[in-house]
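Residues per chain are reported as follows:
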Amino acid sequence: MKPLYFDNNATTRVAPEVVEAMLPYFTEYYGNPSSMHTFGGSVAAHINDARAKLADLLGASPEEIVYTSCGTESDSTAIMAALRSNPDKKHVITSRVEHPAIKNLCEYLGKTGYRVTFVPVDHKGRLDMEYLMRNLTNDTAIASFMWANNETGIIFPIEELAGILSERGVLFHTDAVQAVGKVPIDVQKTRIDMLSLSGHKLHAPKGIGALYVRKGTKFSPFLIGGHQEKGRRGGTENVASIIGLGRASEFVAAHMNDENSRVKALRDKLETQLIQRIPNALVNGDTANRLPNTSSIAFEFVEGESILLMMNEFGICASSGSACTSGSLEPSHVLRAMGVPFTAAHGSIRFSLSRYNTEGEIDLVLEKVPGIVERLRAISPFWQEYQKELASSKA
Ligand code: PLP
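Residues numbered from 1 in each chain as written. Predicted model: local features only at pLDDT ≥ 70, side-chain atom pairs only at ≥ 80, totals over all residues. Heavy atoms only, no water.

## Overview of the sheet that holds strand 9 (residues 281-283)
To keep it simple, the criterion reads: One requirement defines pairing of two strands: DSSP has to find at least two bridges between them. By definition, any uninterrupted DSSP run of H or I lasting at least four residues is a helix, any uninterrupted run of E lasting at least two residues is a strand, and each is numbered from the N terminus. The axes used here are C-alpha line fits, helices contributing only the stretch in contact, and every angle between their N-to-C directions lies in the interval 0 to 180 degrees.
As summarised here, the arrangement of the 3 strands in space is 9-10-12, forming an open sheet in which the pairing is antiparallel. Looking at strand neighbours, the two that pair on one side only are strand 9 and strand 12 (348-352), the edges of this open sheet. Taking each pair of neighbouring strands and ignoring which way they run, the sheet shows an average axis angle of 25°. Pairing geometry for strand 9 and strand 10 (residues 294-299), over 3 bridges, is antiparallel. By the bridge assignment for strand 10, Val-283 is matched with Ile-297.

So, in structure tokens, the structure goes:
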């Protein structure tokens, strides 16, 4: 059965153009880019072309790009570079809804001598800017706020954050893993000091990421080793994947506007019709400031995991939160931070689309999901209790 894939915030299909661009780097151009001979040197030249393509997508200069192995490594590199380069500063500020790549690192830092502030969000997932401003101090080494949330798609006001933080002289890192390729980014216009991204979220392979580091930012490598990446990240380059990320950046940049409006139309159809067809179904968070591909829908009084399992029988792949939290019975920390009630947070499903989804797939989800929720509610004690309460309030 061909999967109906609605889990693109977990990972995306590698685009055929990307695979094609990568293949010669396994078979023909397999030299080490650090080698002295021309065979290796030619590979280094191709890496630089790919670096320029990725830099273009961000409005950056090629020398401001440092390749890493993934979004998580980019996030750790950014935070640890800021702390090591500013050893007198012991405070880190971030939000309560970050991906575990930032959240767990910051919790760890909190236990190892740093002070960490987690800025709250409101019920729509919007950042409490006043709280942020009250908590910035001269001791703040770095502020890290995600560009777009992986679970809800909610976009933080990055431009405004960049303005406030640069005025206060605080280093600003953004985890843009979910934003790159889905929203226009221009680091010339927005004063971001460091930005993390990950190839597998934009149709490049898994195992390649990058960190943008603004020229002049004090930096210290996370992976200490060889002189690769101008001494900013040791380790032989993942050449084929770097080439793939370059190719993906190129086509994402070329098609972003058209694809985003097509994907947004499909997402909106899916969301509005699911909500129309299913009682007690609601969208989590601020629908006005969201990624075009993401919809987090709470089906009240049912277990998200049960919905996922039943959708899986029809080949429909989605997620009950971030890929990392699924499998746990705890509702996601993102929905909890937004104050989403227990009965809704537990039944929340994330649909995340890509350029490869079709209208026919949306129609199939619309055909199957209402019946699934109805069947699960028929055996849900919470739903039955809610129905009784409704009936008695009407009586
Ligand atoms: N940050 C965000 C917002 C993410 O969504 C993810 C992955 O889901 C990551 C970081 C981690 O990226 P990677 O899987 O490349 O380590």
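## Some thoughts on the pattern of salt bridges
Filter applied, for reference: A side-chain nitrogen of Lys or Arg and a carboxyl oxygen of Asp or Glu constitute a salt bridge if their distance falls within 4 Å. Burial classification: accessible surface area is computed with a 1.4 Å probe over protein chains only, and a residue below 20% of its type maximum counts as buried, one above 50% as exposed, and the rest as partly exposed.
Counted under the stated rule, the structure contains 18 salt bridges. A salt bridge links Lys-215 to Glu-63, with the shortest nitrogen-to-oxygen separation between them at 3.4 Å. A residue pair is termed long-range when its members are at least 10 positions apart, and Lys-215 in the loop between strand 8 (209-213) and helix 8 (228-231) and Glu-63 in the loop between helix 3 (38-58) and strand 2 (65-68) qualify at 152 residues. Relative accessible area serves as the criterion here: at 54%, Lys-215 is assigned to the exposed category. The network of salt bridges with common partners includes Lys-53, Arg-247 and Glu-250.

## Thoughts on the site of the ligand
The condition is simple: Nearness is defined per residue: one heavy atom within 4 Å of the molecule or strand is enough. Within 3.5 Å is the distance limit for a polar contact, defined as a pair of N or O atoms, with the added protein rule that one can donate a hydrogen and the other accept it, and that residues adjacent in sequence qualify only through two side-chain atoms. What sets the accessible areas is the Shrake-Rupley method with a 1.4 Å probe; for residues, cover comes only from the shown protein chains.
Not every one of the 13 residues close to the ligand is listed here, only the nearest: Thr-72, Asp-175, Gln-178, Ser-198 and Lys-201. Separating an oxygen atom of the ligand from a side-chain N or O atom of Ser-198 is a distance of 2.6 Å. For the ligand, the protein covers 89% of the area, taking 400 Å² as the surface of the free molecule. Sort the elements by how many residues they give to the shell around the ligand and helix 4 (residues 71-85) lands first, with 3 residues.

## Let's talk about the packing of aromatic side chains
Basically, it comes down to this: Pairing of aromatic side chains here covers Phe, Tyr and the six-membered ring of Trp, requires ring centres within 6.5 Å, and sorts the geometry by plane angle: under 30 degrees stacked, over 60 edge-to-face, intermediate tilted. Comment: the charge-over-ring label is applied if NZ (Lys) or CZ (Arg) is within 6 Å of the ring centre and within 35 degrees of the ring normal.
With the rule as written, the count across this model stands at 6 aromatic pairs. Between the aromatic rings of Trp-383 and Tyr-386, the centroid separation amounts to 5.6 Å while the plane-to-plane angle is 40°, which identifies the pairing as tilted. Of the two residues, Trp-383 and Tyr-386 are both situated in helix 14 (residues 381-394); the distance of 3 residues between them amounts to about one turn of the helix. What makes Trp-383 buried here is its relative accessible area of 14%. Exposure remark for Tyr-386: the relative accessible area of 22% places this residue in the partly exposed category. These aromatic residues form a ring-pair network of at least three members: Phe-301, Trp-383 and Tyr-386. Geometry around Tyr-356 places Arg-13 over its ring, the cationic atom sitting 4.4 Å from the centre.

## What to know about the pairing of strand 6 (residues 171-175)
Operational definition: Whether a crossover is right-handed depends on one test, that the path from the first strand over the helix to the second runs clockwise when the strands point away from the viewer.
Counting buried positions along strand 6 gives 5 out of 5 residues, so the element sits mostly inside the fold. Both strand 5 (residues 140-144) and strand 6 contribute to a ladder of 3 bridges, which runs parallel. Of the residues in strand 6, the one forming a bridge with Ser-144 is His-173. Each parallel crossover has a hand, and the one from strand 5 via helix 7 (residues 158-167) to strand 6 is right-handed.

## Let's talk about the packing of helix 4 against helix 5 (residues 100-110)
Put simply, the test is: In this scheme the crossing of two helices becomes right-handed for a clockwise turn of the near helix relative to the far one and left-handed for an anticlockwise turn of less than a right angle. Contacts were defined at the residue level, with two residues in contact if any of their heavy atoms lie within 4.5 Å. Each residue is assigned to one of three groups, with Ala, Val, Leu, Ile, Met, Phe, Trp, Tyr, Cys and Pro labelled nonpolar, Asp, Glu, Lys and Arg labelled charged, and all others, Gly among them, labelled polar.
One way to put it is that helix 4 packs onto helix 5 with a least axis distance of 9 Å and a crossing angle of 35°. Judged by the twist between their axes, the crossing of helix 4 over helix 5 is right-handed. Contact residues: helix 4 offers Thr-72, Asp-75, Ser-76, Ile-79, Met-80 and Leu-83, while helix 5 offers Ala-101, Ile-102, Leu-105 and Leu-109. In terms of residue class, the contact of helix 4 with helix 5 is made up of 7 nonpolar, 2 polar and 1 charged.

## Concerning a nonpolar patch on the surface
The line we're drawing: Each patch is built from residues lacking any salt bridge and having more than 30% relative accessible area; the joining distance is 9 Å for like charges and 5 Å for nonpolar side chains (Val, Leu, Ile, Met, Phe, Trp, Tyr).
Where nonpolar side chains cluster on the molecular surface, the patch consists of Val-19, Leu-23 and Phe-26 and spans about 290 Å² of accessible area. Relative to the elements of secondary structure, Phe-26 occurs in helix 2 (residues 24-27).

## Some details on the side chain of Asn-86
Along the chain, the position of Asn-86 falls in the loop between helix 4 and strand 3 (91-95). Polar side-chain contacts of Asn-86 include one of 3.4 Å to the side chain of Lys-218. When near neighbours in sequence (up to four residues on either side) are disregarded, Asn-86 contacts Leu-171 and Lys-218.

## Quick look at the nonpolar core
Which entries qualify depends on this criterion: In this description, a nonpolar core means a group of buried Ala, Val, Leu, Ile, Met, Phe, Trp, Tyr and Cys residues linked to one another through side-chain atoms lying within 4.5 Å.
Ranked by size, the top nonpolar core spans 67 residues in total, and within it Tyr-67, Phe-145, Leu-161, Ile-185 and Leu-195 carry the most contacts. Phe-6, Ile-362, Val-365 and Leu-376 belong to the second largest nonpolar core, which has 27 residues in total.

## Some words on the pairing of strand 10
Judged by how many residues are buried, strand 10 sits mostly within the fold: 6 of 6 residues are covered. What you see with strand 10 is no split at all: Thr-294, Ser-296 and Ala-298 on one side and Ser-295, Ile-297 and Phe-299 on the other are buried throughout. One ladder, built from 5 bridges, connects strand 10 with strand 12; its direction is antiparallel. Paired with Ala-298 across the bridge in strand 12 is Ser-348.

## Details of unusual backbone geometry
With phi around 50°, Glu-229 is a residue other than glycine that occupies positive phi space. Relative to the assigned elements, Glu-229 resides in helix 8. The phi dihedral of Phe-301 is positive, around 70°, even though this residue is not glycine. If you trace the backbone, Phe-301 turns up in the loop between strand 10 and helix 10 (304-313).

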